[in-house]
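# Observations on chain architecture
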Amino acid sequence: MPRRLLRDRRIVVDDWHYLDEAAEPHETGLIVPFDRWVAERERFLAGSSRLGVLLEPSQAVEQLAPDLPRLSLVAVRFPSPSDGRGYTQGRLLRERWRFAGELRAMDYVRADQLFFLARCGFNAFQMADQELEGALGAFHTFSAEYQASNDAGLAAHPRHRY
Amino acid sequence: MYRYDAIDKTLVAERVAQFRDQTRRFLAGELSDDEFRHLRLRNGLYLQRHAPMLRVAIPYGLLSSTQLRMLATIARRYDRGYGHFTTRQNIQYNWPKVEDVPDILADLATVEMHAIQTSGNCIRNVTSDHLAGVAANELEDPRPWCEIIRQWSTFHPEFTYLPRKFKIAVTGTPEDRAASLVHDVGVHIVRGPAGELGFEILAGGGLGRTPIIGQVVREFLPREHLLSYLEAILRVYNLEGRRDNLTKARIKILVRSLGIEEFRRRVETEWQQIAKEPLRVQPAELARVSAYFAAPAYRQLADMDPAQGRETAFRAWYRHNTQAHKIPGYRVVYVSLKKPDVAPGDATDAQMDLIADLAERFSFGEIRVTHTQNLVLADVEQARAYELWQALAAAGLATPNIGTLTDMICCPGLDFCSLANAGSIEVAKLINERFDDYDYLYDLGELDVKMSGCMNACGHHHVGHIGILGVDKGGEEWYQITIGGAAGADASLGHVIGPSVPKCEVPETIARLLSVYVERRDAEERFLDTVRRLGIKPFKERVYATSPAA
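Rules of the game
Residues numbered from 1 in each chain as written. Chains lettered and ligands numbered in written order. Predicted model: local features only at pLDDT ≥ 70, side-chain atom pairs only at ≥ 80, totals over all residues. Helix = DSSP H or I, 4+ residues; strand = E, 2+ residues; numbered from the N terminus. Rg over C-alpha atoms; globule rule 2.2 N^0.38 Å. Buried ≥ 20, exposed ≤ 12 C-beta atoms within 10 Å, placed from the backbone. Contact = placed C-beta atoms within 7 Å. Pairing = 2+ DSSP bridges. Right-handed = clockwise from strand over helix to strand, strands pointing away. Axes fitted to C-alpha atoms, helices over the stretch in contact; angles between N-to-C directions. Parallel < 35°, antiparallel > 145°, perpendicular 65-115°, else oblique. Nonpolar A, V, L, I, M, F, W, Y, C, P; charged D, E, K, R; others polar. Domains from an automatic or database assignment. Core = buried A, V, L, I, M, F, W, Y, C linked by C-beta atoms within 7 Å. pLDDT = per-residue confidence, 0-100. Left-handed = near helix turned anticlockwise from the far one by under 90°. Expected span 1.5 Å × (residues − 1). Bend = angle between axes of the 7 residues up to and from the residue.

### Topic: the overall build of chain A
For chain A, the helix and strand inventory stands at five helices and eight strands. Shown N-terminal to C-terminal, the secondary structure of chain A runs as helices and strands in the order β-β-β-β-α-β-α-β-α-β-α-β-α. For chain A, the C-alpha radius of gyration of 16 Å lies close to 15 Å, the compact-globule estimate for 162 residues. The principal-axis extent of the C-alpha atoms belonging to chain A is close to 45 × 35 × 25 Å. Per-residue burial over chain A gives 38% buried out of 162 residues.

Next comes the structure, spelled out in structure tokens:
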């Protein structure tokens, strides 16, 4: 069964595959681990796939920044419910480096995180298939916020206080 | 005090709904223990030794009488008729049921309260000076800034899963009544080069296993940049704080390992790159929030001495449990929660109801919680102090011991907490039995005794003039004693005097320490000052001279 995920608040079939996965015909995008990207950037660029990079929590966004114009996707790994580095990585990608492609949260992603992830700029969420339907409501957990946010690339909304 | 508007109300109501759903999913087996743990810890709910513990936020320690009555109602309806006030100005309930917690949160929401940010690895409830707004030498009331920090930090999307908990304290006077030097971040209201108000920012303080005094990151920060600067600190911490070892995950370890200069450089570098405009505290917003903390309608009064001609008991109480107020004719009154036979910081539902009534009759309907686990009625007319005392005394709330040896800070200890090695409440009782002569206590003067049941230092033992730490020795409770710690503007860490002592000898050990002080103090010198002047040697020698165990 093809992998499905949440993208822009809709359930869609994933059209990307990771470097260590066999590509299905519809999976026209390739997600490369950051280390491999650094080492073999030119080889991947020479290929025909759309390209994305997978960042681990310890990897600095600014090292990827120069390559962002060449990427259509950045995936950020959340290895456990308690590791929150990816939230900062997401904000930096969107706000500081103006990354406009798909920003995907992967690995440990559950409904309870979606509201915060979206507010940090993530627009795609790779999670267990059976949780996708139920997770759609999580974007509306709160209908007000204190902080300005960058979800969906929006500027600060008048409701936001800070 | 601050009142919720539509945004605040919406957020808290939706939080209750969210947690109700999470609790339902947990009880239905859809969430594992570990997954639910991360969610309940966003709502103050711990699972402890005997029962769950729910910690309710009292932002910067300020309560209305209505709120305090609700805290009493919750104690009665869902718990065993009491609550425990903490060193971070919150309240804990020790016997709620997990399935009741959504209802408790819903009840709290009706009085604009919640349990957000009282646990978990997020920005915790901000604390402040319990004399905010009434201290004569205050540069500016810190509470509007606390409220602004509260709102900014509530559900902050980026900083909800930090390496470890993160505590901020804000003060506005040279004295530091909020222990800000042992917080992850201390925010001090100060004047800048041109006399303008701004902040001194400290970071890296903390207690626990590795006690460290906070260091200055920035000497002067223009006030409108407070939130962007805090974001810079938190961002550096979120990315670089250790996550491999829970005991090394606080920001103090990061600051110490980088050194304050390098830490400062990273924070400043980050801050230079942060878009400051969205986070700038606009004058209109500051004015909006500040208006909620406007001074109450004080009457024009002259100072008077209500103790004149009154009985000794009242005079002692007035001298020890009340304090100067910046407005003539008014006085700050402490409600002592340190009655000898009661666990320090505990109050019953009936006491809370009574204090709420008294706050309405005597102090504009507001109550403050102190870092030292007492309550304060901050705006009492001096002429009515006697009447207030009578009411407090009748309810066991007028123990005249504020600032003395028996005004101990104490964690819940073995009786409740699953981490503790020691029954700190029991030791507090032993100390109270030994030191029951008030003339002696008054002669000893200002003395901070702080006791923690384990290394986590919830009772702040490191910064007690006398600190008592429970340690486990082969299944028995022993106590390590430190002296020379302080939590105020002159914060310092206590020194261990020597081998730990068994529980029954804690009072005798303290008595020996105090005997050295009484013999060798200079006039007006506090115990702390004598320790600082003499060093620990003479104290140590006296305590272990002929071992009490021999």
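Don't stop here, the text continues.
### Regarding the overall build of chain B
Within chain B, the regular secondary structure consists of 17 helices and 21 strands. Against the globule reference of 24 Å for 550 residues, chain B gives a C-alpha radius of gyration of 23 Å, in line with a compact fold. Dimensions of chain B, computed from the C-alpha atoms along their principal axes, are close to 60 × 60 × 55 Å. Evaluated residue by residue, chain B yields a buried proportion of 55% over its 550 residues. Partitioning the contacts of chain B with sequence separation of at least 6, the portion at a separation of at least 24 is 67%.

### Observations regarding the interface of chain B and chain A
Residue-level contacts link 30 residues of chain B with 26 residues of chain A. Of all the elements in the fold, those that place two or more residues in the side of chain B that touches chain A are helix H1 (6-27), helix H2 (33-40), helix H5 (143-153) and helix H6 (226-240) of chain B. With six residues, H1 of chain B is the largest single contributor of residues to the side of chain B that touches chain A.

### Focus: the pairing of strand S2 (residues 10-13) of chain A
Residues and elements named next belong to chain A. Two strands pair when backbone bridges link them, and strand S1 (residues 4-7) and S2 are joined in this way by four bridges, in the antiparallel orientation. If you follow Arg7 over to S2, its bridge partner there is Arg10. Linking S1 to S2, which pair antiparallel, is a turn of two residues; within it Asp8 sits at a positive phi near 45°.

### Digging into the pairing of strand S5 (residues 50-55) of chain A
All names here are of chain A. With five of six residues buried, S5 lies mostly within the body of the structure. As paired elements, strand S4 (residues 29-33) and S5 share five bridges and run parallel to each other. Bridging from a neighbouring strand, Leu30 pairs with Leu51 of S5. Handedness of the β-α-β unit built from S4, helix H1 (residues 34-46) and S5 comes out right-handed. One ladder, built from four bridges, connects S5 with strand S6 (residues 73-78); its direction is parallel. Paired with Gly52 across the strands is Leu73, a residue of S6.

### Section: the sheet that holds S1 of chain A
In a beta sheet, neighbouring strands pair by backbone hydrogen bonds and run either parallel or antiparallel. All names here are of chain A. Strand order in the open sheet made by the eight strands is S2-S1-S8-S7-S6-S5-S4-S3, with mixed pairing throughout. Since the sheet does not close on itself, it has two edges, and those belong to S2 and strand S3 (16-18), each with one partner. Contacting S5, S6 and strand S7 (102-107), helix H3 (residues 85-96) runs over the sheet at an angle of about 165° to S6.

### Quick look at the packing of helix H7 (residues 251-258) of chain B against helix H8 (residues 260-273) of chain B
Any two packed helices are characterised by how steeply their axes cross, that is the angle between the axes, and by the distance between the axes. All names here are of chain B. In the contact formed by H7 and H8, the axes pass within 6 Å of each other and the chain directions differ by 110°. By the angle between their directions, the pair H7 and H8 is classed as roughly perpendicular. Judged by residue contacts, Leu254, Val255 and Leu258 of H7 engage Ile260, Glu262 and Phe263 from H8. Residues of the contact of H7 with H8, tallied by class, amount to five nonpolar, no polar and one charged.

### Regarding the domain arrangement of chain B
All names here are of chain B. On domain assignment, one finds that chain B holds domain 1 (6-54 + 83-109), domain 2 (127-289), domain 3 (312-394) and domain 4 (409-544). Centre-to-centre, using C-alpha coordinates, domain 2 lies 30 Å away from domain 4. Each side of the interface is counted separately: domain 2 has 11 residues, and domain 4 has 11 residues. When the residues that make up the side of domain 2 that touches domain 4 are grouped by side-chain class, the tally is seven nonpolar, one polar and three charged.

### Remarks on the sheet that holds strand S8 (residues 185-191) of chain B
Residue and element names in this part refer to chain B. Strand order in the open sheet formed by five strands is S6-S7-S8-S9-S10, and the pairing between neighbours is mixed. Each end of this open sheet is capped by a strand with a single partner; those strands are strand S6 (127-128) and strand S10 (215-222). Strand direction decides the pairing type here: strand S9 (residues 197-203) and S10, joined by five bridges, are antiparallel. Within S10, the position partnered with Ile201 by the bridge is Arg218.

### A short note on the nonpolar core
Core analysis: the biggest nonpolar cluster contains 201 residues, and Phe125 of chain A together with Ile233, Val335 and Ile355 of chain B have the highest contact counts within it. Those residues in contact with Val335 of chain B that sit more than four places away from it in its chain are Ile355, Asn374, Leu375, Val376, Leu377, Leu392 and Leu397 of chain B.

### Structural notes on the confidence of the model for chain A
Averaged over chain A, the pLDDT score is 90; the fraction of residues at 70 or greater is 91%. Below a pLDDT of 50 lies the segment residues 152-160 of chain A, which in the model reaches 11 contacts outside its immediate sequence neighbourhood of four places, other chains included.

### Overview of the confidence of the model for chain B
Caution applies to low-pLDDT parts of the model: their predicted coordinates are not meant to be read in detail. Within chain B, residue pLDDT values average 95, and 99% of them lie at 70 or more. Across the assembled chains, the prediction reports ipTM 0.94 with pTM 0.95.

### Overview of the packing of H5 of chain B against helix H9 (residues 283-291) of chain B
Residue and element names in this part refer to chain B. Orientation of H5 relative to H9, taken along the N-to-C sense of each, is 115°, at an axis distance of 9 Å. Between H5 and H9, the angle is such that the two are roughly perpendicular. The handedness of the crossing between H5 and H9 comes out as right-handed. Contacts between H5 and H9 involve Pro144, Glu147 and Ile148 on the former and, on the latter, Leu286, Val289 and Ser290.

### Let's talk about the environment of Ile510 of chain B
Residues and elements named next belong to chain B. Inspection of the secondary structure puts Ile510 in helix H15 (residues 506-520). The buried category is assigned to Ile510, around which 23 C-beta atoms lie within 10 Å. C-alpha of Ile510 to C-alpha of Val543: the two residues are 33 residues apart in sequence and 8.4 Å apart in space. For Ile510, the contacting residues outside a window of four places in its chain are Ile431 and Ile466.

### Topic: H1 of chain A
The terminal C-alpha atoms of H1 of chain A, which comprises 13 residues, lie 17 Å apart, in line with the 18 Å expected from a rise of 1.5 Å per residue. In H1 of chain A, a bend of some 90° at Glu40 of chain A exceeds every other bend along the element.

### Topic: unusual backbone geometry
The residue Asp8 of chain A is not glycine, and still its phi comes out positive at about 45°. The residue Asp8 of chain A is located in the loop between S1 and S2 in this model. The phi torsion at Phe155 of chain B lies on the positive side, around 55°, for a residue other than glycine. Its place among the elements puts Phe155 of chain B in the loop between H5 and strand S7 (168-171).

### Points about the environment of Thr509 of chain B
All names here are of chain B. By the element assignment, Thr509 lies in helix H15. The exposure class assigned to Thr509 is buried, which follows from the 23 C-beta atoms found within 10 Å. In this structure, the C-alpha to C-alpha distance between Thr509 and Phe539, residues 30 residues apart in sequence, is 9.8 Å. For Thr509, the residues in contact, after removing those within four places along its chain, are Ile481, Val501 and Val543.

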